[in-house]
Amino acid sequence: MLGMISMGCAVAALLFLRFWRTSRDRFFVFFAAAFAIEAVNRAVFAYIGPGASEYQLGYVLARLVAFALILVAILDKNTRRG
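So, how was this worked out
Residues numbered from 1 in each chain as written. Predicted model: local features only at pLDDT ≥ 70, side-chain atom pairs only at ≥ 80, totals over all residues. Heavy atoms only, no water. Helix = DSSP H or I, 4+ residues; strand = E, 2+ residues; numbered from the N terminus. Buried < 20%, exposed > 50% of the residue type's maximum accessible area, 1.4 Å probe, protein only. Contact = heavy atoms within 4.5 Å. Areas by Shrake-Rupley, 256 points an atom, 1.4 Å probe, with all protein chains shown as cover. Lys, Arg positive; Asp, Glu negative; His and termini not counted. Charge placed at Lys NZ, Arg CZ, Asp CG, Glu CD. Polar contact = N/O pair within 3.5 Å; in protein donor to acceptor, adjacent residues only side chain to side chain. Axes fitted to C-alpha atoms, helices over the stretch in contact; angles between N-to-C directions. Parallel < 35°, antiparallel > 145°, perpendicular 65-115°, else oblique. Left-handed = near helix turned anticlockwise from the far one by under 90°. Salt bridge = Lys/Arg side-chain N within 4 Å of Asp/Glu carboxyl O. Phe/Tyr/Trp six-rings, centres within 6.5 Å; stacked < 30°, edge-to-face > 60°. Lys NZ or Arg CZ within 6 Å of the ring centre and 35° of its normal.

**Student:** Explain the overall build of the chain here, please?
**Tutor:** Counting secondary structure elements, the chain contains three helices and zero strands. Beginning at the N terminus, the succession of helices and strands in the chain can be written as α-α-α. Seen through its C-alpha atoms, the chain measures out along the principal axes to roughly 50 × 25 × 15 Å. Taken across its 82 residues, the chain has 30% of its residues classed as buried. Restricting the contact set of the chain to residue pairs at least 6 apart, pairs at least 24 apart contribute 56%. If you sum the accessible surface of the chain, you get close to 5,700 Å²; carbon and sulfur atoms cover 71% of it. Taking the average location of the 9 positive side-chain charges in the chain and that of its 4 negative ones, the two points are 9 Å from each other.

Structure, rendered in structure tokens:
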């Protein structure tokens, strides 16, 4: 199941990169980076196996960075002057 979640996040990251290529809006870069971080985080967690806890500091920090990037993207999009 974690492998499928990781693959889904990787696909979402690639889609956001494709949207960025056509629009050059940095909103999509932030989202692509967040989903790429989450994909790697889930893949590492799946690779480690059932002995690992998802509440270890590394996993939590990776998720925190990913969610912070999404928040920065939303704030940047809504406060940018155009």
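**Student:** Explain the side chain of R63 to me, please; I cannot follow it from the model alone.
**Tutor:** Tracing the chain through its elements places R63 in helix α3 (residues 57-79). In terms of polar contacts, R63 uses its side chain to reach the side chain of E54, at 3.2 Å.

**Student:** Please clarify how the packing of helix α2 (residues 26-48) against α3 should be interpreted in this entry.
**Tutor:** Two measures define how a pair of helices packs: the angle their axes make with one another and the distance between the axes. Packing of α2 against α3 leaves a shortest axis separation of 9 Å and a crossing angle of 165 degrees. The orientation of α2 with respect to α3, classified from their angle, is roughly antiparallel. Between α2 and α3 the crossing geometry is left-handed.

**Student:** Just checking my understanding: could you explain the pattern of salt bridges for this structure?
**Tutor:** A side chain of one charge can pair with a side chain of the opposite charge when the charged atoms of the two come close. Taken as a whole and assessed by the stated rule, the structure comprises seven salt bridges. The shortest N-O distance in the salt bridge between D76 and R26 comes to 2.8 Å. With D76 in helix α3 and R26 in helix α2, this pair connects stretches of sequence that are 50 residues apart. The class for D76 is buried, based on a relative accessible area of 16%. Here R80 and D76 are joined by a salt bridge, their closest N and O atoms 3.4 Å apart. One continuous salt-bridge network, built from bridges that share partners, spans D25, R26, D76, K77 and R80.

**Student:** Teacher, can you tell me more about the packing of aromatic side chains here?
**Tutor:** Aromatic ring pairs are described here by two measures, namely the spacing of the ring centres and the angle between the planes. Under the definition given, this model contains eight aromatic pairs. Aromatic pair F16 and F19: ring centres 6.2 Å apart, planes at 80 degrees, arrangement edge-to-face. Here F16 and its partner F19 are both found in helix α1 (residues 2-23), three residues apart, which amounts to about one turn of the helix. Judged by relative accessible area, F19 falls into the partly exposed class, the value being 35%. Judged by centre distance (4.7 Å) and plane angle (40 degrees), the rings of F27 and F31 are tilted. With a gap of four residues between them, F27 and F31 both fall in helix α2, about one helical turn apart. Taken together, F16, F19, F27, F28, F31 and F35 form an aromatic cluster joined through their ring pairs. Between R24 and the ring centre of W20, over which it is positioned, the NZ or CZ distance is 4.4 Å.

These figures come from the coordinates and say nothing about function on their own.
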